[in-house]
Amino acid sequence: MISDNQYINVDTILNRYGNKKSSLIAVLQEIQNEYKYLPEDVLEYVSRKMDITPSKIFSVATFYENFSLDPKGKYIIKICDGTACHVRKSIPILNALRKELALSEKKHTTDDMLFTLETVSCLGACGLAPVITINDKVYAKMTPESAIQVLQNIREEESK
Ligand code: FES
């Protein structure tokens, strides 16, 4: 459930696009930037405001891989498993992070909502493989140990 205050942000986004139906994808993208996912109640609100059926909005939201209907953690870790990263052993890093965070192929976000772990096909930094990003900050030439160290640093920062 989102607060009234957050609906003001949604209104700001909608106003920016003048509620134009052709702007649906751009609107959803901005909402996702705001919340890191597409909350169901916000989508219903957008449906009413833009006069687009909920099923249409839902089909757009599920069609594009970039959109998420699930809440995400404060830190979004993307681990690259493109060819360059894969041959330089990205999978052991993925496995180490999953183990450290008690996540799995099906569970992507920690219960404390601190971390979300995702795989991507190429982060466009193949020369730095294997690569992870955390909230768009790039970490190059990772190993399972260095990736876990990065997590520990974040946890330390968070506990201050
Ligand atoms: S394959 Fe990993 S950055 Fe390109």
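Predicted model, so just to flag it, every value in this text is computed and none were measured. (Residues numbered from 1 in each chain as written. Predicted model: local features only at pLDDT ≥ 70, side-chain atom pairs only at ≥ 80, totals over all residues.)

This part is about the pairing of strand 1 (residues 75-80). Inspection of the sheet shows strand 1 paired to strand 2 (residues 115-120) by 6 bridges, in the parallel sense. The partner of C80 across the bridge, within strand 2, is V120. Taken together, the 3 bridges between strand 1 and strand 3 (residues 132-134) define a ladder with antiparallel strand orientation. Bridge pairing in strand 3 places I79 opposite I132. (Pairing = 2+ DSSP bridges. Helix = DSSP H or I, 4+ residues; strand = E, 2+ residues; numbered from the N terminus.)

Right, let's talk about the nonpolar core for a bit. Among the nonpolar cores identified, the biggest contains 17 residues, and I79, I93, L97, L117, V131 and I132 are the most heavily contacted of them. Mapped by element, the contributors of at least two residues to this core are strand 1, helix 6 (90-101) and strand 2. Counting 9 residues, the second-largest nonpolar core is a separate cluster that includes L14, V27, L38 and A61. (Core = buried A, V, L, I, M, F, W, Y, C linked by C-beta atoms within 7 Å. Buried ≥ 20, exposed ≤ 12 C-beta atoms within 10 Å, placed from the backbone.)

With that settled, the discussion passes to the domain arrangement of the protein chain. Note on interface size: it is often stated as the accessible area lost on association of the parts. You can read the domains of the protein chain as domain 1 (4-63) and domain 2 (75-159). Centre-to-centre, using C-alpha coordinates, domain 1 lies 29 Å away from domain 2. (Domains from an automatic or database assignment.)

This part covers the sheet that holds strand 3. The strand order 2-1-3-4 describes an open sheet built from 4 strands, whose pairing is mixed. Each edge of the open sheet is held by one strand with a lone partner, namely strand 2 and strand 4 (137-139). On average, each strand axis in the sheet is tilted by 25 degrees relative to the strand beside it, whichever way the strands run. Packing against the sheet, helix 6 makes contact with strand 1, strand 2 and strand 3, and its axis sits at approximately 155 degrees to strand 1. (Axes fitted to C-alpha atoms, helices over the stretch in contact; angles between N-to-C directions. Contact = placed C-beta atoms within 7 Å.)

Position of R155 relative to the elements: it lies in helix 7 (residues 144-159). With 90 residues separating them in the primary sequence, R155 and E65 have C-alpha atoms 29 Å apart.

Between its terminal C-alpha atoms helix 7 stretches 23 Å, which fits the 22 Å expected from 16 residues at 1.5 Å a residue. The element helix 7 is barely covered by neighbouring structure, given that only 1 of its 16 residues are classed as buried. (Expected span 1.5 Å × (residues − 1).)

It is worth spelling out unusual backbone geometry at this point. The linkage connecting A129 with the following residue, P130, adopts the cis geometry, with an omega of -5 degrees. Mapped onto the fold, P130 is located in the loop between strand 2 and strand 3. With a phi angle near 55 degrees, D51 is a residue other than glycine that sits in the positive phi range. Considering the arrangement of structural elements, one finds D51 in the loop between helix 3 (40-50) and helix 4 (54-63). Positive phi, normally seen in glycine, also occurs at M113, with a value near 60 degrees. As for its placement among the helices and strands, M113 is situated in the loop between helix 6 and strand 2.

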